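Structural description and commentary
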Amino acid sequence: MNWDLHDDFNRRKFLLSGLRGAGGAWAALHWPAIVAAADHAARMREAIPPVRLEVLTPDQAAEIEAASSRIIPTDDTPGAREAGVIYFIDRALSTFASDNRDDYSTGAAVLQAKTRELFPDIAKFSQATPDQQDAVLKALEGQPFFELIRSHTVMGFLCDPMRGGNRGKVGWKLIGYDDSPAFTPPFGYYDRDYPGWKPPGEKK
Amino acid sequence: MNPQVTYRPSEEVDFVIVGSGAAGGVLAKGLSTAGFKVVVLEQGRWIPPSEFSHDEIKTFQESQLTNNPREQPQTFRRTPQDKAQKKLAVLYGRLVGGGSVHFTGNFWRFHEIDFIERSRRGEIAGTGFADWPLTYAEMEPYYTKVEWEVGISGLAGASPFDPPRSKPYPVPPMPVKSSGVIFERAAWKLGLHPFPAPLAILSQPYRGRAACIHCGRCEAFGCEVGAKSSTLASVIPVAQQTGRCEIRTESYVYRVETNAQGRATGVAYFDAGHKPQFQKGRAVIVSANGAETARLLLLSSSPRFPQGLANSSGVVGKYLMINGYHEVFASFDEPLDEYKSVAVTRVLHDFYEIDPRLGFYGGGGIDARLGTTPIGFAMGAVPGDVPRWGKAYKSWLESFSRTMVLASHATSLPVETNSISLDPDLKDAWGLPALCMTYKDHPDDLKTVRYLCDRALEILDAAKAPKVWAAPVQEQSFAVHLLGTCRMGNDPKTSVINADHCTHDVPNLFLCDGSSFVTSGRGQPTMTIEALAFRAADRIAAAARRGEA
């Protein structure tokens, strides 16, 4: 079972068990909305992450992906590259970030220009070593394009996977985020042994 | 949405209400159940709960539930002398239910002092600090009404600072989270009085609505199960069931029209196709929020009302208050998993009134939460000693589940130059002058926030938090609490509406929302907006029966 289906399965199972647990009248009142919510969630999950780039050229994408991969690098855990951040960015450029298309085409050129400036023998950012790439990015830090690609890399790493990034939920796994549709107490380590509310005078 | 009555715009209904949020939704319910014909004009869409999602991109980047700066750009300036720059300055709910759909659900009553603080504290130089023309005692039945009609969870008597109440909460408080336990234990050590947070979120099924499933997406998101007590989930369905109330969506009101006698005759609005329409009404109520209500009056100027409708005082749009806000972060050794369930489970009001002998005015509350989503955390919570990208940044991201926030919510003083006005140059997608916000925190407001920040640091010290970092205390340039721009008062020279929400200048034009506030409260205004709206519905209905509205 792949993770998409697994997630759907859990969501449906939860919703159905919730129905059984609730009073009959309540369920009767609400089940259409609940089923609609579950179906909607399922539909959204069925959106297949894009496998082709639609906006960025392969050359631009190689430069952008190389930069993203230094912003959230791959080490013993997956980074921006494994999360498919480049696909998130490509899709963003035809949806909510369509205003930023030009920023990315000029940005890829800026990356190349700064690389050549610092390392005259290297033609492309993506061909530089990780240390050289970090030096280029440090030189660009604070500039609007750096801030843009940083924001989009973070978003693409931690977004809902239906947005094309966070593949396999690698970003969520890194930060310990569980995207289950519902939880029950206790929620964390420190509320496990909570004895219940007592006014200050009655404590101990 | 349920099947509902529809009126022709040419039909003169009893009330046209502009806005369906915290105030508009309550007024729609109050007036339609009292037997009146009501049309509510809402800018945004009717979004069914099944379309609410946990997708941060849809919520924050695509403005699913809020005003979209692409269509409705805004400008900001620090002082009236500055040239305003294009910027998203004001964020509000733009859908049926308004801001009550995406709000966090913190639901504090005002205390007695909030209504009479000017008398108690005296004048504060450089401000329009004033008493309200009503008191807590007059508001108490309406606070109780809100709690029972809308559905509020909480524990009566848990805070020694709470004002008197006539009834307990209808449902018990939400289960505590790790942030609440850490906060409660540390605050007790310091002799403070934390208590279970009152929330507009149902801990148990109530009046046919479902209880919270602890999904964790309250703040900024819509509730998929209707457990958040938005007006969309609570009172608007009741209004519809009367068969007298039409909620007309994608209807962007741009002018309140008046006749030769100076009475309101209805409102002009753009329909979904940007086509101008006119809805007739015997009376008009504007509940478009503390920014858009003022903007609409300014847009409605005429030869008779040259500086804006109902603005003979000149204070429409002025005395904007947005509440101070501040966050101190702390990470611990074990997971708190604060992304689960409601944002806040414990709060304290020990600093509701900061000792005047410290030399400044102010007060507030402190609550425990995380209050941010994965992307929001990764973008906005980075400590100063952690790089913003690279290996060390990635390693810091892993602290997400171990991090909490102490959030401070504070007073804002009413300063005349802090305002909502019409931008002289920028237009929105409908060709209307864009909204301009002018805002510079009063020095006492910043002192208040710094004071609360210090108290939060003491609490986290008592909690033995291994790592603590605070956001800078600085002047604000972004607002979600929109208060005071059409202030209530007895004197028509210094206020826009009277205590019954009727404008001093136009006898059948009423305003009710955050714009009505005289003072800011301590940072959780929605409860008071809704209590005012229930009270206004009673007053306006009575006036209409007397033939005065």
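Residues numbered from 1 in each chain as written. Chains lettered and ligands numbered in written order. Predicted model: local features only at pLDDT ≥ 70, side-chain atom pairs only at ≥ 80, totals over all residues.

Details of the overall build of chain B
For clarity, the cut-off: Secondary structure elements are taken from DSSP: a helix is a run of H or I of four residues or more, a strand is a run of E of two residues or more, and numbering for both begins at the N terminus. For the radius of gyration, the atoms used are the C-alpha atoms, and the globule rule reads 2.2 Å times the number of residues raised to 0.38. Here, residue contact means that the backbone-derived C-beta atoms of the two residues sit within 7 Å.
Looking only at helices and strands, chain B features 12 helices and 17 strands. Here the C-alpha atoms of chain B give a radius of gyration of 22 Å, agreeing with the 24 Å that 2.2 N^0.38 yields for 549 residues. Along the first, second and third principal axes, the C-alpha atoms of chain B reach 70 × 50 × 50 Å. For chain B, contacts bridging at least 24 residues in sequence account for 75% of all contacts bridging at least 6.

With respect to the overall build of chain A
The helix and strand tally for chain A stands at 9 helices and 0 strands. Once local pairs closer than 6 in sequence are excluded, the contacts in chain A between residues at least 24 apart make up 64%.

Some details on the sheet that holds strand β4 (residues 85–86) of chain B
Residue and element names in this part refer to chain B. Note the following rule: Two strands are said to pair when DSSP picks up at least two bridges between them. Lines fitted to the C-alpha atoms define the axes, with helices restricted to the stretch that makes contact. Angles between their N-to-C directions range from 0 to 180 degrees.
Taken in spatial order, the 4 strands make up an open sheet running β4-β3-β15-β14, and their pairing is mixed. Lying at the two open borders of the sheet, with one neighbouring strand each, are β4 and β14 (419–427). Against the sheet, helix α8 (residues 292–299) engages β14 and β15 (433–438), with an angle of about 60 degrees to β14.

With respect to the environment of Asp-76 of chain A
Secondary-structure assignment places Asp-76 of chain A in the loop between α3 (58–71) and α4 (80–83). For the pair formed by Asp-76 of chain A and Lys-124 of chain A, sequence separation is 48 residues and the distance between their alpha carbons is 26 Å.

Quick look at the pairing of strand β10 (residues 324–331) of chain B
Residue and element names in this part refer to chain B. Quick reminder of the rule: Labels follow a simple rule on C-beta atoms placed from the backbone: if 20 or more others lie within 10 Å of a residue's own, it is buried; if 12 or fewer, it is exposed; otherwise it is partly exposed.
Here β10 lies mainly inside the structure; 7 of its 8 residues are buried. Pairing of β10 with strand β13 (residues 403–410), which is carried by 8 bridges, proceeds in the antiparallel orientation. Residue pairing for β13: His-326 is matched across the bridge by Ser-408. Strand direction decides the pairing type here: β10 and strand β16 (residues 467–470), joined by 4 bridges, are antiparallel. Note that in β16 the partner of Val-328 across the bridge is Ala-470.

Re the interface of chain A and chain B
Applied cut-off: All amino acids are sorted into three groups, where Ala, Val, Leu, Ile, Met, Phe, Trp, Tyr, Cys and Pro are nonpolar, Asp, Glu, Lys and Arg are charged, and the leftover types, Gly among them, are polar.
Contact with chain A, which involves 44 residues of that partner, is made by 49 residues of chain B. Breaking the side of chain A that touches chain B down by element, the ones donating at least two residues are α2 (24–46), α3, α8 (144–158) and α9 (170–175) of chain A. The element best represented in the side of chain A that touches chain B is α2 of chain A, accounting for 8 residues. Looking at the side of chain A that touches chain B, its residues break down into 29 nonpolar, 7 polar and 8 charged.

Thoughts on unusual backbone geometry
In the segment running from Pro-185 of chain A into Pro-186 of chain A, the intervening peptide bond is cis, with an omega of 0 degrees. Looking at the secondary structure, you find Pro-186 of chain A in the segment after α9. Positive phi outside glycine occurs at Ala-310 of chain B, with the angle close to 60 degrees. Secondary-structure assignment places Ala-310 of chain B in the loop between α8 and β10. By the C-beta count within 10 Å, which is 26 here, Ala-310 of chain B ends up buried.

A look at the packing of helix α5 (residues 85–92) of chain A against α8 of chain A
Residues and elements named next belong to chain A. What counts here: We call two directions roughly parallel when the angle between them is under 35 degrees, roughly antiparallel when it is over 145, roughly perpendicular when it lies between 65 and 115, and oblique otherwise. A crossing counts as left-handed when the near helix is turned anticlockwise from the far one by less than a right angle, and as right-handed when that turn is clockwise.
Where α5 meets α8, the closest approach of the two axes is 8 Å, and the angle between their N-to-C directions is 110 degrees. Overall, the two elements α5 and α8 adopt an arrangement that is roughly perpendicular. The element α5 and its partner α8 pack so that their crossing is right-handed. Here Val-85, Phe-88, Ile-89 and Ala-92 of α5 lie close against α8, whose contacting residues are His-152, Thr-153, Met-155, Gly-156 and Phe-157. Split into classes, the residues belonging to the contact of α5 with α8 amount to 6 nonpolar, 3 polar and no charged.

Some details on the packing of α3 of chain A against α8 of chain A
Residues and elements named next belong to chain A. Viewed as axis vectors pointing N to C, α3 and α8 meet at an angle of 70 degrees, and their least axial separation amounts to 10 Å. Taken together, the axes of α3 and α8 lie roughly perpendicular to each other. Judged by residue contacts, Ile-64, Ala-67, Ser-68 and Ile-71 of α3 engage Ile-149, Arg-150 and Thr-153 from α8.

Re the nonpolar core
Residue and element names in this part refer to chain B. Our working definition: Take the buried Ala, Val, Leu, Ile, Met, Phe, Trp, Tyr and Cys residues, join any whose C-beta atoms are within 7 Å, and the set you get is a nonpolar core.
Residues Leu-27, Val-38, Ile-285, Leu-406 and Ala-533 are the most contacted members of the largest nonpolar core, which totals 208 residues. Looking at this core element by element, the count peaks at 10 residues for helix α12 (residues 526–545). Setting aside residues no more than four positions away along its own chain, Leu-406 makes contact with Phe-183, Val-328, Ile-366, Ala-368, Ala-456, Ile-459 and Leu-460.

A short note on the sheet that holds strand β5 (residues 194–196) of chain B
Residues and elements named next belong to chain B. Pairing is antiparallel across the open sheet formed by 6 strands, whose spatial order is β5-β11-β12-β13-β10-β16. Only two strands of the sheet have a single neighbouring strand rather than two, namely β5 and β16. Direction aside, the axes of adjacent strands within the sheet are offset by 25 degrees on average. As defined by bridge partners, strand β12 (residues 364–369) adjoins β13 across 6 bridges and the pair is classed as antiparallel. Its bridge partner lying in β13, Arg-369 is registered against Val-405. Relative to β12, helix α6 (residues 178–189) is tilted by about 130 degrees, and along the sheet it contacts β5, β11 (346–348), β12 and β13.

Observations concerning α12 of chain B
All names here are of chain B. In plain terms, the rule: The span expected for a helix works out to 1.5 Å for each residue beyond the first.
Taking 1.5 Å as the rise per residue, α12 with 20 residues should run 28 Å; its terminal C-alpha atoms sit 28 Å apart, in good agreement. Of all the 20 residues making up α12, 14 are buried; the element is thus mostly covered by neighbouring parts of the structure. Where α12 terminates, the next one or two residues include Gly-547, which has phi positive at roughly 80 degrees.

Description of the pairing of β15 of chain B
Residue and element names in this part refer to chain B. Pairing between strand β3 (residues 74–77) and β15: 4 bridges, direction parallel. Within β15, the position partnered with Phe-76 by the bridge is Met-437. Sheet topology places β14 next to β15; 5 bridges connect them, and they run antiparallel. Pairing of Ile-420 across the sheet is with Met-437, part of β15. With antiparallel pairing between neighbouring strands as the criterion, β14 and β15 make up a hairpin whose turn holds 5 residues, including Gly-431 at a positive phi of roughly 85 degrees.

What to know about α8 of chain B
Residues and elements named next belong to chain B. Most of α8 is tucked away, with 7 of its 8 residues classed as buried. Within α8, the full set of buried residues consists of Glu-292, Thr-293, Ala-294, Arg-295, Leu-296, Leu-297 and Leu-298. The inward-facing, buried residues of α8 contact β1 (13–18), β7 (252–258), β9 (276–286), β14, β15 and β17 (509–511).

A look at the confidence of the model for chain A
The condition is simple: Each residue carries a pLDDT score, the predictor's own confidence in it, on a scale running from 0 to 100.
Within chain A, residue pLDDT values average 82, and 73% of them lie at 70 or more. Segment residues 1–29 of chain A: pLDDT under 50, and 23 contacts once partners within four positions in sequence are set aside and those in other chains are kept.

Details of the environment of Leu-190 of chain B
Residues and elements named next belong to chain B. Positionally, Leu-190 belongs in the loop between α6 and β5. The class of Leu-190 is partly exposed, set by 16 C-beta atoms lying within 10 Å. Distance in space between the C-alpha atoms of Leu-190 and Thr-242 is 52 Å, their sequence separation being 52 residues. Not counting chain neighbours up to four residues away, the residues in contact with Leu-190 comprise Glu-458, Ile-459 and Ala-462.

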